[in-house]
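Here's the letter readout for the chains.
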Amino acid sequence: MRILLPLARLAHMPSRSVRLWALCALVSFGLPAKEPVKATHGMVGAQEPLAADVGLTVLKNGGNAVDAAVAVGFALAVTHPVAGNIGGGGFMLVRLANGTTDFLDFRECAPAKASRDMYLGPNGNPTRESIYGWKSAGVPGTVAGLELAHKKFGSQDWKSLVTPAVGLAKDGFTLTEPVAAALRSENNPLNQDPESKRIFLRDGNPYKTGEVLKQPELASTLDRIARQGAKGFYRGETAKKLTAEMAAHGGFITESDLQDYKVIERLPLTGTYHGYNVITAPPPSAGGVGLLQMMGMLTGTTYESDGPNSPKAVHFVAEAMRRFYADRSEYLGDPDFYNVPVRQLLDPAYLTWRRGTIDPERATPSELIGPGLPKHLQARVSWYESKETTHYNVVDAKGNAVAVTYTLNNSYGNGITVPGLGFLLNDEMDDFAAKPGAPNMFGMVGADANAIEPGKRPLSSMTPTIITKGSKLEMVVGAPGGSRITTGVAEVIFNVLDFGLNAQDAVDLPRFHLQWKPDVLYLQTGFPLQTEGALRAMGYDVKPTDNVARVEAIVVNNGTLEGGTESRLHGKVAGY
Ligand code: GLY
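Now for a look at the structure at hand. Because the structure is predicted, anything quoted here is derived from the model rather than measured.

What about the site of the ligand?
Neighbouring the ligand are 9 residues; Arg107, Glu428, Asp431, Ser460 and Ser461 lie closest to it. Asn409 has a polar side-chain atom sitting 2.9 Å from a nitrogen atom of the ligand. One nitrogen or oxygen atom from the main chain of Ser461 is found 2.8 Å from an oxygen atom belonging to the ligand. Notes on the ligand: free accessible area 200 Å², of which the protein chains cover 100%. Considered class by class, the residues forming the shell around the ligand number 1 nonpolar, 4 polar and 4 charged.

Regarding the packing of aromatic side chains
As enumerated under the stated definition, the model contains 12 aromatic pairs in all. Judged by centre distance (5.9 Å) and plane angle (65°), the ring pair of Tyr303 and Phe494 falls under edge-to-face. Placement of Tyr303 in the loop between helix H12 (287-298) and helix H13 (311-331) and of Phe494 in helix H16 (residues 485-497) is noted, with a sequence separation of 191 residues between them. Overall, the relative accessible area of 1% leaves Tyr303 in the buried class. On the basis of relative accessible area, Phe494 is assigned to the buried category, the value being 2%. Centroid distance Phe512 to Phe527: 6.3 Å. Interplanar angle 75°. Geometry classified as edge-to-face. In this pair, Phe512 sits in strand S14 (residues 512-513) while Phe527 sits in the loop between strand S15 (521-524) and helix H18 (529-537), placing the two residues 15 residues apart along the sequence. By relative accessible area, Phe512 is classed as buried at 4%. Three or more aromatic residues joined by ring pairs make a cluster, and in this case those are Phe233, Tyr234, Tyr261 and Phe423.

Overview of the sheet that holds strand S1 (residues 37-39)
Strand order across the open sheet formed by 7 strands is S1-S18-S17-S13-S12-S9-S8, with antiparallel pairing between neighbours. The open sheet has two edge strands with one neighbour each: S1 and strand S8 (269-273). Neighbour-to-neighbour, the strand axes of the sheet open up by a mean angle of 20°, direction not taken into account. Sheet topology places strand S9 (residues 276-280) next to strand S12 (residues 465-469); 3 bridges connect them, and they run antiparallel. Paired with Asn277 across the bridge in S12 is Thr468. Packing of H12 onto the sheet brings it into contact with S8, S9 and S12, and relative to S8 it is tilted by some 20°.

A look at the side chain of Thr463
With respect to the secondary-structure elements, Thr463 resides in the loop between strand S11 (401-407) and S12. There is a polar contact of 2.6 Å between the side chain of Thr463 and the backbone oxygen of Ser461. Not counting the four nearest positions on each side in its chain, Thr463 is found in contact with Thr280, Ala281, Gly287, Gly288, Leu291, Thr405, Val477, Gly478, Ile485, Thr486 and Val489.

Thoughts on helix H10 (residues 236-248)
Spanning 13 residues, H10 covers 18 Å between terminal C-alpha atoms, matching the ideal 18 Å at 1.5 Å per step. Of all the residues in H10, the buried ones are Thr238, Ala239, Leu242, Thr243 and Met246. The buried side chains of H10 occupy one side of the element, clustering within an arc of 110° when seen end-on. H10 presents Ala247 and Ala248 as exposed residues on the side facing more than 90 degrees away from its buried surface. Looking one or two residues beyond H10, the residue adopting positive phi is Gly250, at roughly 75°.

Conventions and cut-offs
- Per chain, residue numbering runs from 1 following the sequence as it is written.
- Local features in this predicted model are restricted to residues of pLDDT 70 or higher, and side-chain atom pairs are both shown and tallied only at a pLDDT of 80 or more, whereas totals for entire chains, interfaces and linings draw on every residue.
- As a convention, hydrogens and water are excluded, and side-chain values are obtained from all of the structure's heavy atoms.
- The near set for a molecule or strand comprises every residue that places at least one heavy atom within 4 Å of it.
- Nitrogen and oxygen atoms within 3.5 Å of one another constitute a polar contact, given that in protein one can donate a hydrogen and the other can accept it, and given that sequence-neighbouring residues count only through two side-chain atoms.
- Surface accessibility in these figures is a Shrake-Rupley result with a 1.4 Å probe; residues are shielded only by whichever protein chains are displayed.
- Just so you know the grouping, Ala, Val, Leu, Ile, Met, Phe, Trp, Tyr, Cys and Pro go in nonpolar, Asp, Glu, Lys and Arg go in charged, and all remaining residues, Gly too, go in polar.
- Ring pairs shown here join Phe, Tyr and Trp side chains whose ring centres sit within 6.5 Å, with only the six-membered ring taken for Trp; geometry is labelled stacked below 30 degrees between planes, edge-to-face above 60, and tilted in between.
- The secondary structure listing takes helices from DSSP runs of H or I that are at least 4 residues long and strands from runs of E that are at least 2 residues long, numbered from the N terminus.
- Accessible area is worked out with a 1.4 Å probe on protein chains only. A residue is then buried under 20% of its type maximum, exposed over 50%, and partly exposed in between.
- A pair of strands is considered paired only if DSSP assigns at least 2 bridges between the two.
- To obtain each axis, a line is fitted to C-alpha atoms, and for helices this fit is confined to the stretch in contact; angles are then taken between N-to-C directions over 0 to 180 degrees.
- Between two residues, a contact is recorded if the distance between any of their heavy atoms is within 4.5 Å.
- Expected span of a helix, by definition, is 1.5 Å for each gap between consecutive residues, and there is one gap fewer than residues.
- Directions pointing from the helix axis toward each C-beta atom define the arc.

Written out as C-alpha cells, the structure is:
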C-alpha cells in the first residue's frame, strides 16, 4: 500500500490509512491492535506493573515526576530482578515543565584496582570474567543517582519513596508468569550462585506463577537506604558486607571505591528534527549521538513517503543505522577519559555528506562504509552491550517529564546476590573493550576509547529521550535492548513523528536493526514477505529476530497523555 505522508508529525491528525496500515502490520504480527492508555494528569510507563503502580500512587499523592521516578527505580529493584536494580547503574533524563533539563549519569565505573588487561587470560585473549563472577562488577551508581535526582528535584520525603520497595521486598509480591518464567529459565546466571539460587530459585524448587517471592535481606538493605539515604548503601553495614564479600571472592570493589563514587551531571545532547526539539543522552552513551546522526541523515530523503516499514523507509533508516554504527565503532567512549568528537559527528555538513553516500535503490555493503571522520580523530571502540536493561517514563500533572534507563547489563547482571544484602550485582565491566584492537567474544572490535581505566565509565547504548515542540512536551521514550536500544528508540520516534502512529501502535509495530557489522538486516517477526523480498532484492542479507529493543513511550496528544508499552511484554502504563 502506498501512503503519501507529510513530513510533519501526524499523531495529532490521525490518518485513517496510517492507522489501517498499523492494524494490518499488528495483526500479521499476531497481536491485537490496542489503544494507548490515556490520562490527563500523570502517567508512568514501566516494564513491571507493580512498580508502575508504585509510581502512580506517588503522583496521585502529590509527588512530582522525579519523586515517582525514584520510587519506581527502587520498586523495580524488587519486582523486576532481571534488570531493576540497586547494584547497577544508569541514566536519568529530566525535563521540567519550565524547560529546565538535566542528565544524571549514574553509570557504574571501573574500580580503582581495574586495569586495561584485567580480563585477558594467559594466552592474551579475553576471558569470561567480565561477564561472570565477582570481578565483572563495576561500582554501582543507582542509589547515588536516585538520591541526587531527589535532592535536586524531589518534593516528597525520601523515606516515603523508598518505603514501597521495602514493603514489596519484605512482604513479598505475587509472581506473574513472565517473572516466574524468567526466573526458571535455564539460561539465567542465577543458577550459578548459591545465594541467588537460594533466594530466587528456592534452592532448586523454582517458584510457580502465583506464588509469593519475599526478599528479607533486600528489604533490610533498602530499609537502610530509606533511613540513611545513599550513605546507607555506600558506607556502613552495606558497604562493609559488600566489600568483605568482594575481597573474599577475588572481586575488585573496595570501600573507597564505594565512598568515591560520584554521579555526574551532564548537559543533555540536543538537536532538532522535523521541527521538534530532541533532548537525549550524551556520552558515555552512544545512544544520543546515534539518534541525532540518524535523524540528520534521514532529513531531506523523503524516506517516509511510502509509509512506515515500507521497503523504502526500512532501506533509508537501515542505511543511516549502518553509517552511525560504523562511527560508533571508532569514536565513542567516556568523555571524561577520551575526547569524543560529538560536535564533528553531528555537524550538518558531515551528515549531509554521509547521507549522500546512501544509494536510494541499493544496500551499501558494510565493507564499503567505514567510520567517516578524518583519520586524526579516529580510535577503535567496542559497541557490544547485552540485551537486558530496563526503561521507564514518568510525566506528572505539571508536565515535568523523566526518562530513566538503568541496568545490571546482562539478565540478572552477573547473577551474584551479595550474601546478607539481597541485591544482584551488575556485570557492566563487559561493556568495556576487554582487549582494545581485537574482536571480543561476540565478534565485536575493541578499542582504545573504551579501554578499561580506573574510574572510567563503560560505553553504553542507553537512549532516554524527550521530544518537545517549542516549549510543549511531545514525547518521552526509551528502551532496553543492548546495541539495539538506539535503533529501537529511533524507530518508535519516527513512527510517531513521521508516520503519525499513536504511542501503542508505535511501540508494537515490528522493528528492524542493522549495525554495520555484521552486515545483516534483522527484521522482527511480522514483516510481510513482500517487504522482506523487496529488501533482499535491494541487496540486504535479511535475518529474522525476536526483538529489537523493548520500547516504552508516552506521547502527548492535544494535552492528553497517551502511553504505550509493548504488547509482546508484560509492562504497564498507569495513568490518572
Ligand atoms: N549495558 C547496556 C548499555 O549500557 O547499553
